[in-house]
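# Notes for the structure review
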Amino acid sequence: MAKTLFKNAKLVSSDFKSSDHKMAFIVEDGRFSWIGAQNKIPKKQKFQKEFDLMNKLVLPSFIECHTHSVFAGSRAEEFELRNTGVSYLEIAARGGGILSTMKKTRDESAAKLVKKTQMHVDQFLKQGVSTLEIKSGYALDLKNEIKSLEVIKKLKGPRFVSTFLGAHALPPEFKTHAEYLDYLVETVLPVVKKKKLAERVDIFIEQKFFEKGPAEQFLKKAKQMGFQITIHANQLSLSGGVDLALQLNAQSADHSIYLTDDLIQKFSKSKTVAVLLPAADLYMKCAYPPARKLLDAGATVALATDFNPGSCPTQDLSLVGLLARLEMKMTLPEVFTAYTSSAAKALGIFQDEGDFSLGKRANFICTDADLSDFFYSAGATPDHFLFICGKAVRRN
Ligand SMILES: [Zn+2]
């Protein structure tokens, strides 16, 4: 077994409140097999490689747990229209909105989509992201939703978690949301399952979109088929999305802006993670979620970009963390936790990565910067090296 020794590390503590000089760790077949003090390195061991980290700060790499990175085209022009007061309905009437992305994504070749999406992936990788969740949901028919998920399988760099979000919007071929959900269950999900293209199923629950009743039937069927579930919940109203996520033990309820005290209490007693997306809230000019109340109640809170061409065209993790600190009163250690171990919990992979535990994937970044340099300057990630499974992936 290939063994690599990393020595002279300034290892960050599990609560991100301090760091310890003169630490060392051993990576065996991509996973941590020993972590301890520099002067306690097991003797009589042969290492295939040794890295002197020269007292750099070492911290877990980031997990980006909510993106819509597979799409064609851009909606930049719409942003200017929306910002100068043109209504969403008027934009849709002019051929804009999610259905314009749908049309472009359906028309795009798989090869071109791979190329474009890989550029987005590289942008995340540069910021120290070692695991990236990507949703389908901009094609809304069998052929092209499968095409989008197959694109994810062709990407390179971080570990990918694929999520099927066919229930993102109603495509023009269907008259009712219920009819479309039946089509997804009967025609699309079996193919996704057979081809092993996604582990998770997501749905956008909101009044006048997918409502709680039909969504519940859909998610129960998805669970029966062996999918994990996650929900776009309570972004615009008390839509019942969070209630359903908690009732069905979803991995996460994402957005979670509109919450009652009762829901916050229920969150804190559940394993469902509240994935908060403040950069989308900035673009949408809506309220920020009650992160402080969730954390104080003991709920698990993760952060992510929600990168997509409409409501959140930024991939900037620094901006997300900065907004969490400025607008949601999260402390810096809470932001780090939200972007590492809690994000791993949201994706159901915490047993495998997300912190420095023995047996977990050796995913980390090392840097000359201090912890306080992160999530401080929008658009700027401190210079660092990213290691995935103990291998140097890239320097930024
Ligand atoms: Zn989203």
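For the structure given in this document, a descriptive report is provided here.

Cut-offs and rules
- Residues numbered from 1 in each chain as written.
- Predicted model: local features only at pLDDT ≥ 70, side-chain atom pairs only at ≥ 80, totals over all residues.
- Heavy atoms only, no water.
- 1 Å grid on protein atoms, 1.4 Å probe; cavity = no way out; pocket = protein on both sides within 12 Å on 5 of 7 lines; lining within 4 Å.
- Points joined across faces, edges and corners; volume = space filled by probe spheres on them.
- Helix = DSSP H or I, 4+ residues; strand = E, 2+ residues; numbered from the N terminus.
- Nonpolar A, V, L, I, M, F, W, Y, C, P; charged D, E, K, R; others polar.
- Buried < 20%, exposed > 50% of the residue type's maximum accessible area, 1.4 Å probe, protein only.
- Contact = heavy atoms within 4.5 Å.

Take the layout of surface pockets next. Space inside the largest pocket adds up to approximately 860 Å³. In terms of lining, the largest pocket is formed by 28 residues, of which the most central are R75, Y88, I98, F204 and F209. Elements supplying a minimum of two residues to the lining of the largest pocket: α1 (76-83), α2 (88-93) and α3 (98-107). Per-element tally for the lining of the largest pocket: the top contributor is α2, with 4 residues. Of the residues belonging to the lining of the largest pocket, the class tally is 13 nonpolar, 11 polar and 4 charged. Counted as a void, the second largest pocket has a volume near 220 Å³. Taken together, 14 residues form the lining of the second largest pocket, with T4, G30, C389, G390 and K391 sitting closest to its centre. Where the lining of the second largest pocket is concerned, the elements lending two or more residues are β1 (3-12), β2 (19-28), β4 (49-60) and β15 (391-395). When grouped by side-chain class, the residues that make up the lining of the second largest pocket number 6 nonpolar, 3 polar and 5 charged.

The next point concerns the environment of G241. Mapped onto the fold, G241 is located in helix α8 (residues 241-247). Among the residues examined, G241 registers a relative accessible area of 0% and is labelled buried. It is 18 Å that separates the C-alpha atoms of G241 and D281, two residues lying 40 residues apart in sequence. G241 has contacts with I205, I231, A233 and N234, leaving out every residue within four places of it along the chain.

Such coordinate-based values are descriptive only and should not be taken to indicate function.
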